[in-house]
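Fold and contact review
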Amino acid sequence: MDFKTLGHTCVVGLHWGDEGKGKIVDLLTEHFDVVVRYNGGGNAGHTVQIAGEKFALHLLPVGVLSPGKTAVIGPGVALDLLRMLEEIDALAARGVTVGDLKISDRANLVMPYHKKQDLLFEAALGAGKIGTTARGIGPCYADKMLRATALRVGDLLRPELFRERLTRIVELKNRTFAALYGDHRPEDAEAIADECLAAVECVRGNICDTTRFFYEAMQAGKRLLFEGANGTLLDVDHGTFPYVTSSTTSAIGVPAGAGVPASTLKTCVGVVKAYTTRVGAGPFPSELDNEIGQYIRDRGHEYGTTTGRPRRCGWFDAAAAQYSVRLSGITHMAVMHLDTLTGLERVGICTGYTTPAGPLPGFVSDSTLLAEAQPIIEFMPGWKDDPRGAGSFEKLSRPARDYLARIEALVGVPICIVSVGPDRAQTLIRSI
Ligand code: IMP
């Protein structure tokens, strides 16, 4: 894969998030001018390891770690401003200065009461809960759709109006929380307004109309890299609804979430792990709730970057990845964590699903049906050689290469990057 010739590109996860998109975005960033977040919010956790140093970003685009690049938070992001400032401070404490960061004035704000609402609502749902990250994502996007109860970044630039609107919204939230959840700890609108209006002073110069910026950047020949958050199967419309997040996580979310024409993307890189994971509730047909799942969890450090929760682990779900590839128009695939599977006697790939009524036609829209379905698993020989020692794609052991070739054939797009460890250097690029 020749990164230098890529047109505007996006990087998205093909399963349920945590695929390792951060590392791929970091790898590609040097070949692009602008790195853009277009969906999600603080629920995402993009981990990047550079020269042995680990950085976990939740809201800032990975591009902020590369000097000379412009990083953009687009209109489709649910922005928790206070948390983003904490992230900037944490980076500064480690000697990383956030350079050119642009924040869309259209992005919706995640407010403190959204996070409270997330927790209250999940608790009220009991066994029916989604298992959210409690970052206020659902309530923020719900308010965006309701419109009258939403606040956007641009509103912070008109302090009096912001205070007025916030006071009305908080009053409504307090009444709702008390009536629906018996919560009698009212939020203090004045205190929230003071905090937000003080915070915006730190980024006032970064706020702009990013739609105009993208147009002008593209006219000037700049190349854009779009960084998807979460994973395609968590897409609010196309994922395992209702066990999804509240934004368009697939590549088809780029035009709307960033504010660029639908024809913008020339390359879509789909990221998967050599196995599959999921956090929170919802169907996961290839899940391994056994010692092999634990083996993968331990070796892959499969504990959430955002919440620390242990991730559910399972065999690589090729049927689900194929669905995501078709939905997003994926052109290339990156396979992460190949090293994690080392040492297993045999490795499995989920090629489809079956039910008492017969096989399913592939990954289906009915989550209940998926939850009841049994995976069809194809086994292949495992490998003992540590892929980290291979040095190149071609020098991977025979069983590892066969495994990747089978994934490629089932999913339907070429694998151009294989990651065999967390560091930038532990990446095998294939020339195709
Ligand atoms: P929310 O996005 O916090 O509302 O969570 C909704 C569902 O999506 C939960 O099952 C979360 O665990 C899951 N989720 C959200 N973001 C991510 C992510 O970046 N990685 C993995 N799972 C996520």
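Everything numeric here is computed off the predicted structure, so don't read it as measured data.

Some points on the overall build of the protein
Looking only at helices and strands, the protein features 12 helices and 20 strands. Taken over the C-alpha trace, the protein has a radius of gyration of 22 Å; the compact-globule value for 432 residues is 22 Å, and the two agree within 12%. For the protein, the C-alpha atoms occupy an extent of roughly 65 × 50 × 40 Å along the three principal directions. Expressed as a percentage of the 432 residues in the protein, the buried residues total 57%.

Observations regarding helix α10 (residues 318–328)
A318, A319, A320, A321, S324, V325 and S328 are the residues of α10 that are buried. On its buried face, α10 sits against β11 (267–273), β14 (316–317), β16 (346–355) and α12 (398–411). Regarding α10, its N-cap is D317, as a side-chain oxygen of that residue lies 3.1 Å from the backbone nitrogen of A319 further along. Count one or two residues on from α10 and you reach G329, which has phi positive near 65°.

Here's the deal with the pairing of strand β15 (residues 332–336)
By the criterion of burial, β15 is predominantly enclosed, with 5 of the 5 residues buried. Because side chains alternate across β15, one face comprises the buried residues H332, A334 and M336, and the other comprises M333 and V335, equally buried. Bridge count between β11 and β15: 5 bridges; the pairing is parallel. Considered in β15, the bridge of V271 is made with A334.

Quick word on the sheet that holds strand β10 (residues 224–227)
Spatial strand order, β9-β7-β5-β2-β10-β1-β11-β15-β19-β20: 10 strands in an open sheet with mixed pairing. Bordering the open sheet on either side are β9 (207–208) and β20 (427–429), each of which pairs with just one other strand. Lying over the sheet, helix α7 (residues 210–219) contacts β2 (34–37), β5 (70–73), β7 (100–104), β9 and β10, oriented at roughly 145° with respect to β5.

Concerning the packing of aromatic side chains
In the structure shown here, the tally under the stated rule is 8 aromatic pairs. Ring centres 5.3 Å apart and planes at 55° place the aromatic pair W16 and F284 in the tilted group. Placement of the pair is W16 in the loop between β1 (9–13) and α1 (21–29) and F284 in the loop between β12 (276–278) and α9 (291–299), with a sequence separation of 268 residues. In this pair, the class of W16 matches that of F284, namely buried. Here W315 and F379 contribute two aromatic rings whose centre-to-centre distance is 5.9 Å and whose plane-to-plane angle is 85°, an arrangement assigned as edge-to-face. Residue W315 is located in the loop between β13 (312–314) and β14, and its partner F379 is located in strand β18 (residues 374–381); the two are separated by 64 residues in the primary sequence. Every member of this aromatic cluster is reached through a ring pair, and the members are F213, F214 and F226. Across the ring face of F55, the terminal group of R94 is positioned such that the distance to the ring centre comes to 4.3 Å. For the cation-ring pair, R346 lies above F379, with the distance from its terminal atom to the ring centre recorded as 3.6 Å.

Some thoughts on the site of the ligand
Neighbouring residues of the ligand: 16 residues in total, closest N43, T133, N230, T245 and R309. At 3.1 Å, a side-chain N or O of D18 approaches a nitrogen atom of the ligand. At 3.0 Å, a side-chain N or O of N230 approaches a nitrogen atom of the ligand. When the ligand is considered free in solution it has 470 Å² of accessible area, and contact with the protein chains removes 97% of it. Classifying every residue of the shell around the ligand gives 6 nonpolar, 8 polar and 2 charged.

Looking at the environment of P399
Tracing the backbone through its elements, the reader meets P399 in helix α12. Excluding anything up to four places from it in sequence, P399 contacts P381, G382 and W383.

Points about the nonpolar core
Among the nonpolar cores identified, the biggest contains 60 residues, and M84, L101 and F162 are the most heavily contacted of them. Looking at which element gives the most residues to this core, the answer is helix α6 (residues 189–200), with 7 residues. Look past the residues within four positions of F162 in its chain and what remains in contact with it is L109, M111, L151, D155, L156, A193, C196 and L197. Of all hydrophobic cores here, the second largest spans 52 residues; its members include V254, A321, V411 and V413.

About the thresholds
Residues numbered from 1 in each chain as written. Predicted model: local features only at pLDDT ≥ 70, side-chain atom pairs only at ≥ 80, totals over all residues. Heavy atoms only, no water. Helix = DSSP H or I, 4+ residues; strand = E, 2+ residues; numbered from the N terminus. Rg over C-alpha atoms; globule rule 2.2 N^0.38 Å. Buried < 20%, exposed > 50% of the residue type's maximum accessible area, 1.4 Å probe, protein only. Contact = heavy atoms within 4.5 Å. Polar contact = N/O pair within 3.5 Å; in protein donor to acceptor, adjacent residues only side chain to side chain. Pairing = 2+ DSSP bridges. Axes fitted to C-alpha atoms, helices over the stretch in contact; angles between N-to-C directions. Phe/Tyr/Trp six-rings, centres within 6.5 Å; stacked < 30°, edge-to-face > 60°. Lys NZ or Arg CZ within 6 Å of the ring centre and 35° of its normal. Near = heavy atom within 4 Å. Areas by Shrake-Rupley, 256 points an atom, 1.4 Å probe, with all protein chains shown as cover. Nonpolar A, V, L, I, M, F, W, Y, C, P; charged D, E, K, R; others polar. Core = buried A, V, L, I, M, F, W, Y, C linked by side-chain atoms within 4.5 Å.

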